[in-house]
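Coordinates in review
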Amino acid sequence: MTSWLEALPAFTLALLILGLPGACVMFTLRLRGLAALCLAPAVSVSIIGVSAIVAPWLHLGWGAPVVLLGTAIAAAGAYLARRFIPYLSPATAPAPTPAPAGGRNPSRDPRGTVGAAAAGVLTALAITTVLLATAAANPEQFTQGYDSVFHLNATEHAVQTGNASSFAISSFILPTVKSAFYPGAWHGLASLLVILTGISVPAATNIMWLAVAGVVWPLSCVFLARVLFGDSRTVLAATGALAAAFPAFPLLLLQYGSAYPNSLSNALVPVGIALVLLIIRPAEGRLPGPAMALALVVLFLPGAITAQPNGVFSVLLVLTPLLAAMVFGWLRRNFARSHRAGWIRLGALVAGLAAAGAALALLPQIRSLFNYTSPAFLPFPLALLRNFTNAPAPIWFPAVLLTALVVLGTWRAFTVHKLRWLLGALVLASFTYPLAAGTNLPLANSLMAPWWDNPERIAALLPLVAVPLAAVGLAWCLDYLTGRFPARLAWAATGKGRTTAAAGLAVVLAFSNPGMWQMAGAVRTVYNVPAQPDSLAQVDADELSLIHRLDQFTTPKDVIANNPYNGSALAMALAGRHMLFPYSSQGDLNPDLYTLRFWLNRVGGDQQVCAAAKRQGVTYLLDFGTDYIPAFDNPMSLYPGVTLASASEGFTLVARQGHAALYKLTLCGGVPM
């Protein structure tokens, strides 16, 4: 696949994977229009994530039939719920009512709102595609971040084994662990695209990322804006388009890591926020009622958890001001009625929170979050300013116009829509990044633990609030300008004209922001394959060339020894080969792997080392030298046997590309192979 144009069929299939399963459930629940369009991807992720988990229990290989079966079961369950739960029946649902005041020309025509939302989403897709295409010349390129190795290899592992379960997706680096949970929805999506199309893992990864970042994320933002601000076409179009105008998401998580599961999770969070709002504050108009919203939360949660569980914490973070205000009001009413009743309610609340905290603390995945801290690298006030102005590292240029629109939208939300809690959500989200990047306080590290106290993941939270607020600000600007200059801007006073103007201004805001181009340049850097060894890249040109030639000398059944800190582990995803050490952070090793890690260089004459190599099936050695990624100070000491093996008597040179070399095991325990 040499161009992005060739990726169009696979991209279309990626959209179908993300849309069709959820659309079937939406149809069964009799949800139509904008709500169905925006909610379908979140439900699809849940169906795919759960189907991948259940498939091994039924002894089914991962593929389209499993997804079809899961979709049929989910649709049947939705039908039965609608049939036997009266509150889910359209006959008992509240009648549509006019949208809240605040938009100048709110549309009550669902076709109009869908069209406006689609225009905004297509604009976001165009912006995201341009930025991605400037960073990666073709879909076959791959990011060279530290986490990219795991995510690419996990996708390849799912393809090879026919198992994309969240309880098996990380098994290729856990040889002694029978089952361990790792959110695998992303790898299920990417591997399914590989299985259905036959394209490479890097191509499937890039195409699926584009579908999530360019379509799913804008749709989620549109749904949140619809719940918050009504069905103004201008706001909906602006929300969809502006979803691609903030450098902090989705591009930052592509540049960092790349954190593909977290990108998928973040893209779904606005839907979760909106559904909770529909439960606690039912909205007017053509939106699900509280009972239906609760049912949709049940459908949303499996996808959120199997994508990346911190998405649930992100939903709670944004809603904290509203929930706190509601709890405070509830307690105040009880204390006003009776001090005894008030203290009973307060005690019950504290006990409930303590029980929830204790239950979460029992999960090793939750406890492990507190093991990670990021050292402060910015003064706290500067980190706050850079986050609020949408310029987190590696960006330094503030997005002045976008920030102004967010401030303007906050004022409109506060004064017109009476959504005062959104100001608190914006303030809270603004302070998260400086807590990670601007302080080393243990309390700050604990508060940010759900996101591993990681500045990049935390910086991606602000757009969850900023995007819909900026859209309201942009809509007000258009209202003001068309009212101030009615003759000159008569074309923008119509519904279609307003939608076009909103989308066009979003494009201008995105591409006129120097920070966006800084971010695009940073993304281009992580896609770059240097000509010479570079500690910031997993592999260089010589190493990549040799990986692409491995099929000339090896077979998929061969096991290739390697030091994972020099980029050689990528041969698993890029060449479909079994690597002895497929990831650098592989902390779980069986006795044979420990032996080979430290003593592989003795395989030629040592019977014990030879026996370990035979049990692990080692037949080749891929040597990329001692240019290591900056993960540890002295990785050579971690894999000394592998590092020294190329000079031992047990291995014979087979192929060389510059400094990169492939060796064959020809002498084992003194016996020729």
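The structure we're discussing is the one just above.
Here is a short report on the structure shown in this document. (Residues numbered from 1 in each chain as written. Predicted model: local features only at pLDDT ≥ 70, side-chain atom pairs only at ≥ 80, totals over all residues. Heavy atoms only, no water.)

**Quick look at a positive patch on the surface**
- On the surface, R332, R333, R337 and R345 cluster together to form a positively charged patch.
- With three residues, helix α12 (residues 310-337) is the largest single contributor of residues to the positive patch.
- Along the chain, R337 falls in helix α12.
- Using a relative accessible area of 60% as the deciding quantity, one classes R337 as exposed. (Patch = residues over 30% accessible without salt bridge, like charges linked within 9 Å, V, L, I, M, F, W, Y side chains within 5 Å. Areas by Shrake-Rupley, 256 points an atom, 1.4 Å probe, with all protein chains shown as cover. Salt bridge = Lys/Arg side-chain N within 4 Å of Asp/Glu carboxyl O. Lys, Arg positive; Asp, Glu negative; His and termini not counted. Charge placed at Lys NZ, Arg CZ, Asp CG, Glu CD. Helix = DSSP H or I, 4+ residues; strand = E, 2+ residues; numbered from the N terminus. Buried < 20%, exposed > 50% of the residue type's maximum accessible area, 1.4 Å probe, protein only.)

**Here's the deal with the sheet that holds strand β1 (residues 559-561)**
- One open sheet accounts for five strands, arranged β2-β1-β3-β5-β4; its pairing is mixed. Every other strand in the sheet has two partners, leaving β2 (578-579) and β4 (651-657) as the edge strands with one partner each.
- Set on the sheet, helix α23 (residues 541-548) makes contact with β3 (618-623), β4 and β5 (660-665); between it and β5 the angle comes to about 40°. (Pairing = 2+ DSSP bridges. Contact = heavy atoms within 4.5 Å. Axes fitted to C-alpha atoms, helices over the stretch in contact; angles between N-to-C directions.)

**Considerations on the packing of aromatic side chains**
- Overall, the coordinates contain 15 aromatic pairs when judged by the stated rule.
- With a centroid separation of 6.1 Å and 85° between ring planes, the pair formed by W411 and W476 is classed as edge-to-face. Residue W411 is found in helix α16 (residues 400-415), and its partner W476 is found in helix α20 (residues 462-484); the two are separated by 65 residues along the sequence.
- Residue W411 is classed as partly exposed on the basis of its relative accessible area of 43%.
- An angle of 75° between the planes, with centres 4.9 Å apart, marks the rings of F581 and Y639 as edge-to-face. Of the two residues, F581 sits in the loop between β2 and α25 (591-599) while Y639 sits in the loop between β3 and α27 (640-645), which places them 58 residues apart along the sequence. (Phe/Tyr/Trp six-rings, centres within 6.5 Å; stacked < 30°, edge-to-face > 60°.)

**Section: the packing of helix α17 (residues 421-437) against α20**
- Across the interface, α17 lies against α20 with an axial gap of 9 Å and an inter-helix angle of 140°. One element, α17, and the other, α20, form an angle in the oblique class. The crossing of α17 and α20 is left-handed. Contacts from L422, A425, L426, A429 and S430 of α17 reach α20 at L462, V465 and L469.
- Here the contact of α17 with α20 is composed, by residue class, of seven nonpolar, one polar and no charged. (Parallel < 35°, antiparallel > 145°, perpendicular 65-115°, else oblique. Left-handed = near helix turned anticlockwise from the far one by under 90°. Nonpolar A, V, L, I, M, F, W, Y, C, P; charged D, E, K, R; others polar.)

**Let's talk about the environment of C221**
- Checked against the element boundaries, C221 lands in helix α7 (residues 201-229).
- The class of C221 is buried, set by a relative accessible area of 1%.
- Sequence-wise, C221 and P468 are 247 residues apart; in three dimensions their C-alpha atoms are separated by 6.7 Å.
- Excluding residues that lie within four positions of it along the chain, C221 makes contacts with T239, A243, P270 and V467.

Don't take any of this as a statement about function, it's just geometry.
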